[in-house]
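# Architecture at a glance
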2 protein chains.
Amino acid sequence: MSIGELDFIERLRAIATHPGARRLEDDAAVLGDLVLTHDSIAEGVHYRPDDPPASVGWKLVTVNLSDLAAKGAEPLAALMSVTIGGDPRWEELFLSGVAAACEAYGLPLLGGDTIALPAGAPRVLGLTAIGRGGAHVPARSGGKPGDRLWLVGLLGDAATGLAVLEADPKAEGPLVEAYRRPVPQLAVGRLFAPHAHAMMDVSDGLLMDLQRLMRASGCGARLDLDALPLSRAFIAEVGANRRARLTAATGGDDYALLAALPAGLDPALSLSLPSGTIIAPIGRLAEGEELSLFDAAGEVPLPETLGYEHRRA
Amino acid sequence: MSIGELDFIERLRAIATHPGARRLEDDAAVLGDLVLTHDSIAEGVHYRPDDPPASVGWKLVTVNLSDLAAKGAEPLAALMSVTIGGDPRWEELFLSGVAAACEAYGLPLLGGDTIALPAGAPRVLGLTAIGRGGAHVPARSGGKPGDRLWLVGLLGDAATGLAVLEADPKAEGPLVEAYRRPVPQLAVGRLFAPHAHAMMDVSDGLLMDLQRLMRASGCGARLDLDALPLSRAFIAEVGANRRARLTAATGGDDYALLAALPAGLDPALSLSLPSGTIIAPIGRLAEGEELSLFDAAGEVPLPETLGYEHRRA
């Protein structure tokens, strides 16, 4: 985030004093049994102008569903807000992607608005997603020293897909797909939520997001780099050594879930996870406030950049 | 609206098939007892780049509250989405206006997001407002021939204020205030809602919005131009003759309420309206599908433009 955004959010925090705002530190707000989130994506900031428009529509819906997933909420309804740029074919394909994602995850689109902007202005596409939370809507806070950290999904594919596209805009394949078509972990989020001391989605890089969870929970953490779940495509492109694993841990756009579960709970044994679910125990919360990394060869120094900060700047 | 927007909304309608979407023909969506709306405002489209930033923040909140008012809903929560343009002072003042409006109408701000756009991109400011509806959430449809049409608030001030500003950007006064600081009719909306066969807010010009209500309700209407409520400031600036009244009826940005109430109900007698409430019976719904205007001198031909279409184009 830019200084301007951090400043702005700090000022906003002084206004957003309702407990449901969760100090603007969480993935979503809570209102009664509702979970509320709004994420916008902008052309040239969160997606490439040459990304297929249907994938942009898919992404707009799924990045918001990922926030609901992180709170264990069931999708109820969405409102969409789009700027119209005078390219009806683009907009038609964009809407087909919105419709596909809403259909895939049972999210009724209830309304929103459109604005015609002058030609040349970057598109700004927003979605409010409303979900119903369970009895416990895990926050980023609530993690306790000793909790085991679990990751749901894969790391590094999306950021690598973006890097591949930056080198060759015509590139295709599973890494590019991961960048363009995030998969929200709704089913696992709902299964984890009743047990999770803390949970969030990983969208800006695992290390950066884990640090947010740590700060909100008042904990340190030890993370096992060797445990990070990597895809075959990622390993083929980037490798699996320490450097590759640090790339995966700092890449952003993963839309994986990060959960702090009680040490005694093994979700693979205790929960009826959908077949094919990729989950991995990747470390533990600890006393203190430090984030330490290790792998089979020993302690690993923290990289300079923990996540994908410039993505939003 | 532009052709592009109409096209887009037509396509959107094919996706938004949930009954709560109300065919995208209403001011807001309905989900259980919740009323949901999202309106964005863009620099150079819905506000002037030289408008005081606090008034822009006020407007963003109140245009959304006006949609809740039109459904008789009580404000519950808001999510805000803003683009950050690299002018922290502007953003600070903008937020002060958001805070003032949220405070004035008891709307807790629960979250949202920020995007840093490249310098020069027009600002896009969005708000999702969530309210709790009563037992009857009046739609634009539901009006019946014979219903009396009531207007809550004043007409023409805001559009005249904009015209005044276009001639002199340093102008001040009540008309400019009306343009910059809409007042949502929340209290009257809540009192009207249980009785209203149809209700909406007037934001694009009375004639245009009335025509939307008529089409949704499958009715015609007869409107008494002489009955339109005009302010002293409007009369001083524009006059009160037929031409001035047509200006007031087509100007836009009024954020008044238009309600179709059963013929026998006089809200001034039957409802405990807040003191100072400006309400006026302005006509009736009729059989057929035609909108006819009259004044003391007889029938009045419909003007060519029924509302403020270019506002969003």
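Below, the structure is looked at part by part. (Residues numbered from 1 in each chain as written. Chains lettered and ligands numbered in written order. Predicted model: local features only at pLDDT ≥ 70, side-chain atom pairs only at ≥ 80, totals over all residues.)

### Examining the relation of the copies chain A and chain B
- Screw-axis analysis of chain A against chain B gives a translation of 0.0 Å along the axis, an RMSD of 0.0 Å, and a rotation angle of 180°. Both chain copies can therefore be described as sitting about a two-fold axis. Residues of chain A ranked by C-alpha distance from the rotation axis are headed by A121(A), positioned 2.8 Å from it.
- In this assembly the copies share their binding face: 98% of the residues contributing to the interface of chain A also contribute to that of chain B. (Least-squares fit on C-alpha atoms with pLDDT ≥ 70 in both. Contact = placed C-beta atoms within 7 Å.)

### What to know about the interface of chain A and chain B
- Taken together, the contacts link 55 residues of chain A with 54 residues of chain B.
- Sorting the residues of the side of chain A that touches chain B by element identifies α1 (3-15), β1 (29-31), β2 (34-42), β3 (74-84), α3 (88-105), β4 (109-116) and β5 (124-132) of chain A as the ones contributing at least two each.
- When the residues that make up the side of chain A that touches chain B are grouped by side-chain class, the tally is 33 nonpolar, 14 polar and eight charged. (Helix = DSSP H or I, 4+ residues; strand = E, 2+ residues; numbered from the N terminus. Nonpolar A, V, L, I, M, F, W, Y, C, P; charged D, E, K, R; others polar.)

### Some details on the nonpolar core
- In this structure, L258(A) and L258(B) are the most contacted members of the largest nonpolar core, which totals 207 residues.
- Discounting residues that sit within four places of it in the chain, L258(A) has contacts with L149(A), L151(A), M199(A), M200(A), V202(A), L206(A), D209(A), L210(A) and L213(A). (Core = buried A, V, L, I, M, F, W, Y, C linked by C-beta atoms within 7 Å. Buried ≥ 20, exposed ≤ 12 C-beta atoms within 10 Å, placed from the backbone.)

### Remarks on the sheet that holds strand β11 (residues 291-295) of chain A
All names here are of chain A.
- Across the sheet, which stays open at both edges, the seven strands sit in the order β7-β9-β6-β10-β8-β11-β12 with mixed pairing between neighbours. Only two strands of the sheet have a single partner each, and these edge strands are β7 (198-202) and β12 (298-300). With direction set aside, neighbouring strand axes in the sheet form an average angle of 30°.
- Pairing between strand β6 (residues 148-152) and strand β10 (residues 279-286): five bridges, direction antiparallel. Among the inter-strand pairings, V152 is bridged to a residue of β10, identified as I279.
- Contacting β7 and β9 (256-261), helix α2 (residues 53-70) crosses the sheet at an angle of about 165° to β7. (Pairing = 2+ DSSP bridges. Axes fitted to C-alpha atoms, helices over the stretch in contact; angles between N-to-C directions.)

### A word on the sheet that holds β1(A)
- Here we have five strands laid out as an open sheet, ordered β1-β2-β5-β3-β4 (chain A), and mixed in their pairing. Of all strands in the sheet, those bounded by a partner on one side alone are β1 and β4 of chain A. Direction aside, neighbouring strands of the sheet carry axes that sit 20° apart on average.
- Sheet topology places β1(A) next to β2(A); three bridges connect them, and they run antiparallel. Across the sheet, L31(A) pairs through a bridge with L34(A), a residue of β2(A).
- Set on the sheet, helix α1 (residues 3-15) of chain B makes contact with β3 and β4 of chain A; between it and β4(A) the angle comes to about 170°.

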